[in-house]
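Structure at a glance
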Amino acid sequence: MQVQLKTILNQVQHLVGFIYQEIELLAKKDEPLAIKVKIAAHEGHPGRCSKCLKPAPGYDRLRARRWRHEPVWGIPVYFYYTPRRVKCAEHGVVVEHMPWNVGKRPYTRTMMCFLARWARRLSWGETAKCFQTSWEAVYRSVQWFVKWGLEHRTMEGVSAIGIDEIHWGKGKGAAAFLTVIYQIDSGCRRLLWVGPKRTQATLKRGLQALGPEVVKGLKFVCSDMWKPYLQVIAKQANQALHVLDRFHITQHLNKAVDEVRRGESSRLRTAGKAKAEPLKRMRWKLLRRGASVRGRAREKLQRLFWSKLATGRAWQLKESFEGFWRYRHVTYARTYLQVWCTRALRSRLEPMRKVARMLRAHEELILNWMRAKGELSSGAVEGLNNKIRVMTRRSYGFRTYRAMEIALYHTLGRLPEPAPIHNFC
């Protein structure tokens, strides 16, 4: 039995109140193939108001319109219909509701869902190229997709958030960063909010966008040690346990060790090339966790430590701090932290002394790691940040903040989606 395209359309996308009247294959010379689908209103169904969806008497007809639909076997499909205007008792004269239409967009609802879902797997430019459309069409489809998801998403069950900044623009000023707020609960990790700049005002807007119920219901907040963020969190979410995670502290320790290595390497090279040999090609070995270094690399680290060089002492201080995270009781952890800070301050290594002073200034927030029983980690935050960097690199950067914002919500927001007509990807 031969199946007609009209039968397939009725099975896949049945339009209540409308019929597929005529289908035609447009095969003109020197022009690409296209499928023309003519739609007509069902005689037994009156038009409905596009605002309240209630039946309303007809008023007049507009000019015929065309919508781009999901392709069939790589052939573009176009819907043709002459819209009616109806006279609604509540909203007056309005254009009738058409289930495939979204506002004045030249693409059907199905086509926009199709493009938006493929835009998660491919770049926007590649999606436009594969499906014979424009970058602007993909962008508008993703924009509508994200807007629908934000309007229908729920904020229930948000008990832990991570706050961070990520570099996006040029330079190192506040305007070159984005402030991001993630949900980092074990069962759900997603982007909740993103805003331009790295300022107190930006974070305040973000917490305000989440809503007072969500902010007051928070149990854990994870962030780095940037003072403006700490002040806003202490003021607006003081009931939550604020945790400074080990990732950021380890990052500061690694920077201090690397600073000691670079300074000492410069001094030894000035004194003689042979004296600087122990530090040659040691950067990444020093920055890795000691337990994960094996073989000859481990032997080099041990020789560096026994050589009495400042870099070896800095590396030993960094490695000894790993013992702090093994404690589960706050009292013992506090004692260990105080002893370590005293050793670092007496080490005569200014980068390590700077880290020790920073840890002492944020002692209570660091100890919240033990109070949270190690259940909260900013590793999820850094993982999501890495996805942002990958997405930006894949797109070769977005020219406007608005495009970047839409892409972030689309990829990391885990937003609800419009009910699919059928699964096509």
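Everything that follows concerns the structure shown earlier in this document.
A brief report on the enclosed structure follows. (Residues numbered from 1 in each chain as written. Predicted model: local features only at pLDDT ≥ 70, side-chain atom pairs only at ≥ 80, totals over all residues. Heavy atoms only, no water.)

1. Some details on the overall build of the protein chain
Basically, it comes down to this: Strands are runs of DSSP state E lasting at least two residues, helices are runs of H or I lasting at least four, and both sets are numbered from the N terminus onward. Two things to know: the radius of gyration comes from C-alpha atoms, and the globule rule equals 2.2 Å times the number of residues to the power 0.38. Relative accessibility under 20% of the residue-type maximum defines a buried residue, over 50% an exposed one, and the middle range a partly exposed one, all with a 1.4 Å probe and only protein chains included. We call two residues in contact when some of their heavy atoms are within 4.5 Å. Here, Shrake-Rupley sampling with a 1.4 Å probe gives the accessible areas, and only protein chains in the shown set may cover a residue. In this charge count, Lys and Arg are treated as positive and Asp and Glu as negative; neither His nor the chain ends contribute. In plain terms, the charge of a residue is placed at NZ if it is Lys, CZ if Arg, CG if Asp and CD if Glu.
In terms of helices and strands, the protein chain carries 16 helices and 12 strands. Taking 22 Å as the expected radius of gyration for a compact globule of 425 residues, we find that the protein chain reaches 30 Å, considerably beyond that expectation. Taken over the C-alpha atoms alone, the protein chain extends approximately 90 × 50 × 40 Å along its principal axes. Taking all 425 residues of the protein chain together, 47% fall into the buried category. Taking as baseline every contact in the protein chain between residues at least 6 positions apart, the subset at least 24 positions apart corresponds to 59%. For the protein chain, the accessible area works out to roughly 23,500 Å², and carbon and sulfur atoms hold 52% of it. Looking at the protein chain, you have 79 positive and 33 negative side-chain charges, and the mean spots of the two groups are 6 Å apart.

2. Let's talk about helix H10 (residues 295–306)
Condition: What a helix is expected to span follows from its residue count: subtract one and scale by 1.5 Å.
With 12 residues, H10 should cover 16 Å at 1.5 Å per step; its first-to-last C-alpha distance of 17 Å lies within 8% of that length. A positive phi of about 70 degrees marks Lys-308, the residue just after H10.

3. With respect to the pattern of salt bridges
For clarity, the cut-off: In the sections that follow, a salt bridge refers to a side-chain nitrogen of Lys or Arg positioned within 4 Å of a carboxyl oxygen of Asp or Glu.
Scanning the model with the defined rule gives 16 salt bridges in all. With a shortest N-O distance of 4.0 Å, Arg-198 and Glu-165 are connected by a salt bridge. Of this pair, Arg-198 sits in the loop between strand S10 (188–196) and helix H5 (200–210) while Glu-165 sits in strand S8 (residues 160–167), and the two are 33 residues apart along the sequence. Salt-bridge contacts for Glu-405 lead to Arg-402; the nearest nitrogen and oxygen are separated by 2.9 Å. Of this pair, Glu-405 and Arg-402 both sit in helix H16 (residues 401–412), 3 residues apart, which is roughly one turn of that helix. Residue Glu-405 is classed as buried on the basis of its relative accessible area, which comes to 14%. Classification of Arg-402 by relative accessible area gives partly exposed; the value is 43%.

4. Quick word on unusual backbone geometry
Even without a glycine there, the phi angle at Leu-53 is positive, about 65 degrees. Given a relative accessible area of 41%, Leu-53 falls into the partly exposed group.

5. Describing the sheet that holds strand S12 (residues 241–244)
The criterion, for reference: Two strands qualify as a pair provided DSSP detects at least 2 bridges between them. Every axis corresponds to a line fitted to the C-alpha atoms, with the helix fit spanning only the stretch in contact, and the corresponding angles, defined between N-to-C directions, vary from 0 to 180 degrees.
Strand order in this open sheet of 5 strands is S10-S9-S8-S11-S12, and the pairing throughout is mixed. Edge positions in the sheet fall to S10 and S12, since each of these pairs with one other strand and no more. The average undirected angle you get between the axes of adjacent strands in this sheet is 25 degrees. In this sheet, S10 lies alongside strand S9 (residues 177–185) in antiparallel orientation, the contact comprising 8 bridges. Counted as the bridge partner of Asp-185 is Cys-188 from S10. Those strands touched by H5 are S8, S9 and S10, and its axis lies near 130 degrees from that of S10.

6. Thoughts on the environment of Arg-296
Relative to the helices and strands, Arg-296 resides in helix H10. Judged by its relative accessible area of 72%, Arg-296 falls in the exposed class. Taking C-alpha positions, Arg-296 is 37 Å from Ser-223, a pair spaced 73 residues apart along the chain.

7. Notes on the packing of aromatic side chains
Where we set the bar: Each Phe, Tyr or Trp ring (for Trp, its six-membered ring) is paired with any other whose centre lies within 6.5 Å, and the angle between the two planes then decides the class: stacked below 30 degrees, edge-to-face above 60, tilted in between. Two limits define a charge over a ring: the Lys NZ or Arg CZ must be within 6 Å of the ring centre, and within 35 degrees of the ring normal.
All told, the structure shown has 21 aromatic pairs when counted by the stated rule. Ring geometry for Trp-118 versus Phe-131: centroids 5.7 Å apart, planes at 50 degrees, classification tilted. Taken together, the residues span a long stretch of sequence, with Trp-118 in helix H2 (residues 109–121) and Phe-131 in the loop between helix H3 (124–130) and helix H4 (135–152) at a distance of 13 residues. An aromatic cluster of three or more residues is present, and its members are Phe-18, Tyr-20, Trp-67, Phe-79, Tyr-81 and Trp-100. Across from the ring centre of Tyr-78, 4.2 Å away, lies the NZ or CZ of Arg-66, which sits over that ring. Stacked on the ring of Trp-284, the Lys or Arg Arg-283 has its end atom at 4.4 Å from the ring centre.

8. Focus: a nonpolar patch on the surface
The test is simple: Residues with no salt bridge and a relative accessible area higher than 30% make up the patches, which join like charges within 9 Å and nonpolar side chains (Val, Leu, Ile, Met, Phe, Trp, Tyr) within 5 Å.
Together, Ile-8, Val-12 and Trp-73 make up an exposed nonpolar region whose accessible area comes to about 330 Å². Within the fold, Ile-8 resides in helix H1 (residues 5–12). Among the residues examined, Ile-8 registers a relative accessible area of 33% and is labelled partly exposed.

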